[in-house]
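# Observations on the model geometry
Residues per chain, in single letters:
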Amino acid sequence: MAYNPKTGKGMGNFYDANHRAFTHREWKGFKDTAYDFGRWLKLYGFMAAKLGVHPILMIKALMRYRWMVSFITASNMVDRHTIGLRGKELRYTHEAFFSLVHNSVVNIAKLIEKDEHLRPNNKKAAKLRKNTVMFDEMTPSFIMAGFPTVEWFDIAMFVIGMPGEVDQNANMYYIDAIEHFGLASDVCPLPAAEAGAAVVDDYPIVGNTYITSSMPCDGSIGQTTFMGRYFKDIPVFQVTPPQRFNEPEVNEYAVKNLEKCISFIEENYNVKWDWDAFWEGCKVYNEEAQCAINKWDVNCTDYPQVCGGALSLPREYEFQSAGCMDPYMYKTDLKIDKMMKKGYEEDKKNDANKPKYRAIVWACPAHYYTNFTYWAQHCWGVKCLIDMECMLSYHMFHIGDEKQAMVDMAKSYERMMMRSHTNGGYANSLDECWKMCEKFNTNIVIMYDHVSCKNVGGLHGLYEDQARERGIHLIWVPHDLMDPRTVSRKAMRDAMNNYMINVFREKPLDPTLIDYDDNLTW
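## A few points about the overall build of the protein
Tallying secondary structure elements over the protein gives 20 helices and eight strands in all. A compact globule built from 522 residues should have a C-alpha radius of gyration of about 24 Å, and the protein, at 22 Å, falls within 12% of that. If you line up the protein on its principal axes, its C-alpha atoms span 70 × 55 × 50 Å. The buried share among the 522 residues of the protein stands at 61%. Carbon and sulfur atoms provide 54% of the accessible area of the protein, an area that totals close to 20,800 Å². Taking the average place of the 59 positive charges on the side chains of the protein and the average place of its 67 negative ones, the gap between the two points comes to 5 Å.

## Looking at helix α3 (residues 74-82)
Burial within α3 is extensive, with nine of its nine residues counted as buried. When α3 is considered as a whole, its buried residues turn out to be Ala74, Ser75, Asn76, Met77, Val78, Asp79, Arg80, His81 and Thr82. Of the surrounding elements, those touching the buried residues of α3 are α1 (30-51), α4 (87-114), α6 (155-166), α12 (309-320), α14 (372-380) and α20 (489-502). Gly84 lies just past α3 and shows a positive phi near 85 degrees.

## Examining the pairing of strand β3 (residues 209-213)
Burial runs high along β3: five of the five residues are buried. The alternating pattern of β3 places Thr209, Ile211 and Ser213 and Tyr210 and Thr212 on opposite faces, both of which are buried. Of the strand pairs in this sheet, strand β1 (residues 132-135) and β3 are connected by three bridges, and their pairing is parallel. Pairing of Val133 across the sheet is with Thr209, part of β3. Where β3 lies against strand β4 (residues 236-239), four bridges are found, and the strand directions are parallel. Residue pairing for β4: Ser213 is matched across the bridge by Val239.

## Quick look at the nonpolar core
One finds Met68, Ile143, Met144, Ile160, Tyr203, Ile211 and Phe278 to be the most contacted residues of the largest nonpolar core, which totals 95 residues. Top contributing element to this core by residue count: α4, with nine residues. Apart from residues lying up to four places away in sequence, Ile160 is in contact with Asn171, Tyr174, Leu190, Ala193, Glu194, Ala197, Tyr203 and Met482. Of all hydrophobic cores here, the second largest spans 72 residues; its members include Ile83, Met340, Met447 and Leu474.

## Considering the packing of α1 against α3
Remark: α1 packs on α3, axes separated minimally by 10 Å, with the N-to-C direction vectors making an angle of 155 degrees. What the angle tells us is that α1 and α3 run roughly antiparallel. At the point where α1 passes α3, the crossing takes the right-handed sense. Contacts between α1 and α3 involve Asp36, Trp40, Leu43 and Tyr44 from the former and Ala74, Ser75, Val78 and Thr82 from the latter. Its residues placed into classes, the contact of α1 with α3 shows five nonpolar, two polar and one charged.

## Focus: the pattern of salt bridges
A full pass over the atoms with the stated rule returns 28 salt bridges. Between Asp79 and Arg25 there is a salt bridge; the shortest N-O distance is 3.3 Å. A residue pair is termed long-range when its members are at least 10 positions apart, and Asp79 in helix α3 and Arg25 in the segment before α1 qualify at 54 residues. Taking the shortest distance from any N to any O, the salt bridge between Glu26 and Arg86 comes out at 3.1 Å. Remark: Arg86 occurs in the loop between α3 and α4 and Glu26 occurs in the segment before α1; sequence separation between them is 60 residues. The class of Glu26 is buried, set by a relative accessible area of 9%. Take Arg86: its relative accessible area is 29%, and that puts it in the partly exposed class. In the salt-bridge network here, residues are joined through shared partners; they are Arg25, Glu26, Lys28, Asp36, Asp79 and Arg86.

Criteria and cut-off values
Residues numbered from 1 in each chain as written. Predicted model: local features only at pLDDT ≥ 70, side-chain atom pairs only at ≥ 80, totals over all residues. Heavy atoms only, no water. Helix = DSSP H or I, 4+ residues; strand = E, 2+ residues; numbered from the N terminus. Rg over C-alpha atoms; globule rule 2.2 N^0.38 Å. Buried < 20%, exposed > 50% of the residue type's maximum accessible area, 1.4 Å probe, protein only. Areas by Shrake-Rupley, 256 points an atom, 1.4 Å probe, with all protein chains shown as cover. Lys, Arg positive; Asp, Glu negative; His and termini not counted. Charge placed at Lys NZ, Arg CZ, Asp CG, Glu CD. Contact = heavy atoms within 4.5 Å. Pairing = 2+ DSSP bridges. Core = buried A, V, L, I, M, F, W, Y, C linked by side-chain atoms within 4.5 Å. Axes fitted to C-alpha atoms, helices over the stretch in contact; angles between N-to-C directions. Parallel < 35°, antiparallel > 145°, perpendicular 65-115°, else oblique. Left-handed = near helix turned anticlockwise from the far one by under 90°. Nonpolar A, V, L, I, M, F, W, Y, C, P; charged D, E, K, R; others polar. Salt bridge = Lys/Arg side-chain N within 4 Å of Asp/Glu carboxyl O.

What follows is the structure, given as structure tokens:
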């Protein structure tokens, strides 16, 4: 619903301070509204078909796990990211987000079948757990491509990562729990929430080993230690990637660490590494990485196509939650790639849909406000062409070269989410930012300022000085990653509003988006 100056109605009217969901659905014209509603039916139809076959287990899961309830609000998350979109951009976004829902639902169905908390005495569930590896986030789950007969599950993403992005209120209980336990309140909310979920025993037990990581920061290292104690009764292996990953000398250590992880899985599951299966996985990994690069290349032009959340979140989840091994996500990547190229040619031919302002998004974004860039697009005409979070692990595998493949895998997980630009020296964060500004032909950086992050905090002055030297508009948007009580969504918007009004002297495209209350909404 575009802003109507005669009635004063706009997209801000969909929000109400007393409601968690939108007040009503958006009218996008007959064709797009019909498509939009059809996708809504498809989403809940798929959830019902996959999860409805286990009604008792599903009820048990909803009663046992606080985070499980957040997944029911998946439709609202999709609505937040598609509000205001029309035509091909609406279709790109729906296709991308349904692939996330598809992967989540399939894995939740597997979770409730295996979970020891839900089925403690079930022999089938015990057998499934015996053949499953549990992973923490920030781990090289793609390693499982070499073990096609063994299943795996990223418990951290399903308990903390995904629910926090679907529902802004999902992680607050866990943060409060660990702080009540004695953790300082200035620790990053991500490792705090993960440790808090352990304190209240809200992790599913779906495997008989656990692979964790040294993570990308001091708070997460503490969380890793905490989780090791939580899983004290099962074998735990810690992957420890080098931080200064640009230095070639670290590859030898990183490969040895991966080989130890492979041996850990072989010994605990009585299996052998399968190179043929791994090469097949590498083919999919390379093609998914190429699809991501294609999106970036198109967005460097005057006619960007896949932007905002549809660009960043699918890449994040296909790598972390799916390990680049989900056939549906792979199929969706190829489909969107084809749609995008067609859309680009149409826009180029008609010289249409050029963004008013071109921007890149840098630093770690707020999990509780994943549609912030769409809001900036609708309110101010600022289009997000690239997000730092999606520029992860696009290093290709050399198929057929066993020695180099291990180096490739090391480089892949060293450059995954958060690690790729916030670690390994300031060059990966600072210098890379200006390179991306040049590459994407933009002079605006929406700079997420995670108030609890120590890594980027020390670079504030350098960012300010170098942005000024280059004539780049650096818009600092504060947030607290998983905890909207520290910095609300409204406070994030206010930071952007102040810059656009006072520096650019701009007027909003939709004035109703300047000030509205969404503190209660999912």
